[in-house]
Amino acid sequence: QVQLMESGGGLVQPGGSLRLSCLASGRFFRLFAMGWYRQVPGKQRELVAISYDGGGVHYEDFARGRFGIARDNAKDTVVLQMDNLGPEDTGIYYCYTEPKFGATRIWGQGTQVTVSS
C-alpha cells in the first residue's frame with residue numbers, strides 16, 4: 001500500500017514559478033514510476049511528466065523546456081519545477097505512481113495551481 005501527498009500549489013502571476021512536491025509513504029523498496037498529470041478546466045486529465053526508476057524521464061510537448069521533473073529517492077519524493085507559467089497552466093495537478101511495471105496506478109488527491117494577475 002502506497003499513499004501519495006502533493007504540496008506546493010497556489011496562486012502565481014503569469015511568468016512566475018511554482019515547485020510541486022509529492023511524497024510517497026508506505027512499505028516498499030522502490031517505485032517503478034512517479035509522475036504528474038493535470039486537469040485543466042474544460043479538458044480531460046492529461047499527462048505532464050514521468051520520472052522512472054533508474055533515471056529516465058518523459059515530458060509532454062507543452063511541458064518540455066518549461067517544466068522539470070526530478071526524483072529524490074532518499075526522501076521518496078518527486079518534484080515538478082514549473083517556470084514561465086501562464087493562465088493556460090491553471091488546473092489541478094495530480095501526482096501518481098506505478099509501483100511496478102504494469103501495476104494499477106495510485107493517485108494523490110491533487111493540488112490546485114492558479115496562474116492569474
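The rules behind these values
- Residues numbered from 1 in each chain as written.
- Predicted model: local features only at pLDDT ≥ 70, side-chain atom pairs only at ≥ 80, totals over all residues.
- Heavy atoms only, no water.
- Salt bridge = Lys/Arg side-chain N within 4 Å of Asp/Glu carboxyl O.
- Buried < 20%, exposed > 50% of the residue type's maximum accessible area, 1.4 Å probe, protein only.
- Helix = DSSP H or I, 4+ residues; strand = E, 2+ residues; numbered from the N terminus.
- Polar contact = N/O pair within 3.5 Å; in protein donor to acceptor, adjacent residues only side chain to side chain.
- Contact = heavy atoms within 4.5 Å.
- Phe/Tyr/Trp six-rings, centres within 6.5 Å; stacked < 30°, edge-to-face > 60°.
- Pairing = 2+ DSSP bridges.

Caption draft 1: Representation of the pattern of salt bridges within the structure. For the coordinates displayed, the defined rule picks out 6 salt bridges. One salt bridge in this structure joins R38 and E46, with 2.9 Å as the shortest N-O distance. We note that R38, like E46, is buried. The network of salt bridges with shared partners includes R38, K43, E46, R66 and D89.

Caption draft 2: Molecular detail of the environment of L18. Mapping L18 onto the fold places it in strand β3 (residues 18–26). What makes L18 buried here is its relative accessible area of 13%. Between the alpha carbons of L18 and T97 there is a distance of 21 Å; along the sequence they are 79 residues apart.

Caption draft 3: Expanded view of the side chain of T111. Its location among the elements puts T111 in strand β11 (residues 111–115). Separated by 3.3 Å, the side chain of T111 and the backbone nitrogen of G9 make a polar contact. If we ignore the near neighbours within four places in the chain, the residues touching T111 are E6, G9, L20, G91, I92 and Y93.

Caption draft 4: Up close: the environment of S17. Following the sequence through the fold, S17 ends up in the loop between β2 (10–12) and β3. Residue classification places S17 among the partly exposed positions, given a relative accessible area of 39%. For S17, the side chain forms a polar contact with the side chain of D83, separated by 2.8 Å.

Caption draft 5: Structural detail: the packing of aromatic side chains. The full count for this structure, using the stated rule, is 6 aromatic pairs. Centroid distance F62 to F67: 6.5 Å. Interplanar angle 90 degrees. Geometry classified as edge-to-face. The class for F62 is partly exposed, based on a relative accessible area of 25%. Assessed through its relative accessible area of 5%, F67 is described here as buried.

Caption draft 6: Up close: the pairing of strand β8 (residues 77–82). Of all the 6 residues making up β8, 5 are buried; the element is thus mostly covered by neighbouring parts of the structure. Here 6 bridges tie β3 to β8, and the two strands are oriented antiparallel to one another. Each bridged residue has a counterpart across the sheet, and for C22 the counterpart in β8 is V78. The pairing of strand β7 (residues 67–72) with β8 spans 6 bridges and is classified as antiparallel. Bridge pairing in β8 places F67 opposite M82. Taking the residues between adjacent antiparallel strands as the criterion, β7 and β8 are bridged by 4 residues, where D76 takes a positive phi near 50 degrees.

As far as function goes, none of this settles anything; it's purely spatial.
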